[in-house]
Number of protein chains: 2
Amino acid sequence: MQKHPFEQTAGLLSANNSKIILLVLDGLGGLPGRPHGLTELEAAETHNLDALAKEGSCGLHLPVRPGITPGSGPGHLGVFGYDPLTFEVGRGALAAAGTGFDLQPGDVAVRGNFCSLDEAGRVTDRRAGRIDTGTNRRLCEKLDAIELDGAELFVQTIKEHRFLAVIRGEGLADDVSDTDPQQTGRKPLDPEAQTPQAERTASVLAQFAERARETLAGDPPANGVLLRGAANKPGWPSFQKVFGLHAAAAAAYPMYRGVARLLGMEVLPQPESFEEEIEQVKERFDEFDFFFVHFKPSDSRGEDGNFEAKKEAIQKVDGFIPALRELNPDVLIVTGDHSTPSQLKAHSWHPVPALLWAPTCRPDPVETFGERACMAGGLGPRFPATDLLPLALAYAGRLKKFSA
Amino acid sequence: MQKHPFEQTAGLLSANNSKIILLVLDGLGGLPGRPHGLTELEAAETHNLDALAKEGSCGLHLPVRPGITPGSGPGHLGVFGYDPLTFEVGRGALAAAGTGFDLQPGDVAVRGNFCSLDEAGRVTDRRAGRIDTGTNRRLCEKLDAIELDGAELFVQTIKEHRFLAVIRGEGLADDVSDTDPQQTGRKPLDPEAQTPQAERTASVLAQFAERARETLAGDPPANGVLLRGAANKPGWPSFQKVFGLHAAAAAAYPMYRGVARLLGMEVLPQPESFEEEIEQVKERFDEFDFFFVHFKPSDSRGEDGNFEAKKEAIQKVDGFIPALRELNPDVLIVTGDHSTPSQLKAHSWHPVPALLWAPTCRPDPVETFGERACMAGGLGPRFPATDLLPLALAYAGRLKKFSA
């Protein structure tokens, strides 16, 4: 018998008026900028975060499993309490979340690549020379205008050679194989139905690939498309249902807005700045039980390999902590979705600093918010990210006692 | 595929003459009495426990799962090595354990509430005005005298409006629905069989509810009964079978005696004091492999919200440690079943201090027995409570090497 993925809290939820804030500094975890040096977070001057750490419980979480470097989707699902190995999201649906496309039940979303084809229709470049995003937009407008028999089509730019295609209609299913031959010199594959239910989808996608070739014929190097990861909107239990929390997401980037939307969170209007995000939380504080607040630059500067800029990004967030504390939340969690050490210029598998502040936290020895300090914290040096939400519920008084 | 609940030790047991003592200070874990202050355990003068901590391995355990506040049943099952989410005990069976009723296989136990009914038989108060325990005793004597067709009946007082009813006879099963309508203004529901096997049980319980109304007719406000949580004695593998330990329980309170009995431990005669409990262990030390020794006041004083009294209760136990060490046990574990911070006046989800003493413990940095100190211990700041028993077996030399 498979265990209920939310067995920890299932049946114990008890509503109250408490407020929980989850502040995610994307890619928060880091590495020292030089041997024996400090990490970006340790080097940052973060008096406000340090004060929270001193009063709260600290530790480092594992977003997925030991050694696993998470993408943005799984990284966020973990801190939202959804085990990323149980709640795997198909590439197409994640792409839809990433562009902010409002995927409906029954829609089939696929990730597309523009590719280059020779006269015989064989792939000569699987990424069409990595065309620029501007060209991509121009081509996606053309593709979006294609008419399909018995299905609606939506095509949207992702970036460079990548786009999102969504088909909408009766009787579509997502069990369809990829068309990417994974090597040059071969023709794109036909999409194949893996189940009888998906036969119509396979033929609609084949039609799309064919009409795309016709439409793009005069546009080398991007004169063909490869389709991957057909996926429906996942039928996951909503955050409201699973944790009993009416949740809002304050986030500027489409990917994070999209993941929040997949869980049924209310996504607040697109903010222009992090300051505006914090303002949104303030203004709507009475309306929701839970706020997911997302900050992107700590990840972006890590990916740039810019230690100083990542440090400064973290310092910037520190300046907004008093504004959040003034709201008097019952629980305030500050963490990341994964590590992005500037030394690696990429996401990494390293555990992610986490602090949970609430009035009933048991004191631990942590006095500053940093990777080394958190290793001595009460949450432990490698706790599962999915522990954060049940803990937040407990500290918010939202879980009844288990049995007598 | 479900994992074997005792896969860690299954097949590796190896008997010897070692002795293990598990001392449970109920509700041991706490919180500071004032901001930045010490917890009850940290504030207590516990030279003997500190000496054990210094020589042993320390940590903090999670009784059930992160964020979950355990009741007394699950809290004890965890430290006994039985995962409380796998070994869920029905309310009726737990009530039987709690009153010390010796539930037999095939018996069906239910939790009863005295309730108030109006002339039309509708519930006007689901708790009969929370009648006092003395009244409850008088009424339970009446109910206990009811004769049922083809089944024996036992009725025992729990407390206030709550009682235990047990039916015994051929062909009884526990898949019967509750009769509590969960709201006033409605008649009690009929008990309904959820499986064909439970049909006789449903009719016997319906008969009991009806005769109880007749018997109580002249006794407002408690003139009816509501029945919940019908449950057989759980058919769990015994402690002896699972861990190869002939176990004795020294405990004063019915609930803890009952849980030990559910696992097949021999429950020693009712002691008058904790001192007598320790004497029992001394006197019977040669007879058993394992002793569960229970101390209640640390929990009771925590529930009272009395920091000083909880601290003193812990100090009292400290005074008995030398007596236990004189017995020369091979393994001595001191922990709690859950936290009961006096600040919260209730059980809580906070991890529970634990120390395991044995001659082969690897030294860890812990020099005193307290929440913060234990965070740096070799057992870690958040280990599953169910790890304790396999560790005890290992330190007692009772587990063979796994494979070659």
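Our subject in this report is the structure included herewith. Quick caveat: nothing in here was measured; it's all calculated off a predicted structure.

In this section: the packing of aromatic side chains. Residues and elements named next belong to chain B. In this structure the tally under the stated criterion is 35 aromatic pairs over all chains. Here the aromatic rings of F114 and F163 are separated by 4.8 Å at their centres, their planes lie at 50°, and the arrangement is tilted. With F114 in strand β3 (residues 108-117) and F163 in strand β6 (residues 162-168), the pair connects residues that are 49 residues apart, well separated along the chain. With a relative accessible area of 0%, F114 lands in the buried category.

With that out of the way, let us pick up the sheet that holds strand β11 (residues 331-335) of chain A. All names here are of chain A. With respect to topology, eight strands assemble into an open sheet ordered β9-β8-β10-β1-β11-β12-β2-β13, the strand pairing being mixed. Edge positions in the sheet fall to β9 (266-267) and β13 (380-384), since each has one partner strand and no second. Inspection of the sheet shows strand β2 (residues 57-62) paired to strand β12 (residues 352-357) by five bridges, in the antiparallel sense. Directly across from L60, in β12, lies its bridge partner P353. Where helix α2 (residues 47-55) meets the sheet, its contacts fall on β2, β11 and β12, and the angle it forms with β12 comes to roughly 70°.

For side chains of opposite charge, pairing can occur when their charged atoms come near one another. Within this structure, the stated rule accounts for 36 salt bridges over all chains. For A:R130, the salt bridge identified is with A:E160, shortest N-O distance 3.9 Å. Taken together, the residues A:R130 in the loop between β4 (123-125) and α5 (133-144) and A:E160 in the loop between β5 (152-159) and β6 (162-168) connect sequence positions 30 residues apart. Assessed through its relative accessible area of 47%, A:R130 is described here as partly exposed. The residue B:E40 makes a salt bridge to B:K310 at a minimum N-O spacing of 4.0 Å. With a gap of 270 residues between them, B:E40 in helix α1 (residues 40-43) and B:K310 in helix α11 (residues 307-318) connect regions that are remote in the sequence. One exposure class covers both B:E40 and B:K310, and it is buried. Overlapping salt bridges bring together A:E7, B:R65 and B:D83 as one network.

We now examine the interface of chain B and chain A. Between chain B and chain A, the residue contacts involve 36 residues of the former and 28 residues of the latter. Carbon and sulfur atoms make up 62% of the surface buried where chain B meets chain A, a total of about 2,500 Å² over both sides. The interface formed by chain B and chain A holds two salt bridges in total. Two residues, A:D387 and B:R382, come together in a salt bridge whose shortest N-O distance is 3.1 Å. If you look at where chain B meets chain A, you find seven residue pairs in polar contact (both at pLDDT 80 or more). Looking at the side of chain B that touches chain A, the elements that each hand over two or more residues are α3 (72-79), α4 (91-99), α13 (371-375) and β13 (380-384) of chain B. Here the side of chain B that touches chain A is built from residues that sort into 17 nonpolar, 12 polar and seven charged.

Conventions and cut-offs
Residues numbered from 1 in each chain as written. Chains lettered and ligands numbered in written order. Predicted model: local features only at pLDDT ≥ 70, side-chain atom pairs only at ≥ 80, totals over all residues. Heavy atoms only, no water. Phe/Tyr/Trp six-rings, centres within 6.5 Å; stacked < 30°, edge-to-face > 60°. Helix = DSSP H or I, 4+ residues; strand = E, 2+ residues; numbered from the N terminus. Buried < 20%, exposed > 50% of the residue type's maximum accessible area, 1.4 Å probe, protein only. Pairing = 2+ DSSP bridges. Contact = heavy atoms within 4.5 Å. Axes fitted to C-alpha atoms, helices over the stretch in contact; angles between N-to-C directions. Salt bridge = Lys/Arg side-chain N within 4 Å of Asp/Glu carboxyl O. Buried area = accessible area lost by both parts, 1.4 Å probe. Polar contact = N/O pair within 3.5 Å; in protein donor to acceptor, adjacent residues only side chain to side chain. Nonpolar A, V, L, I, M, F, W, Y, C, P; charged D, E, K, R; others polar.

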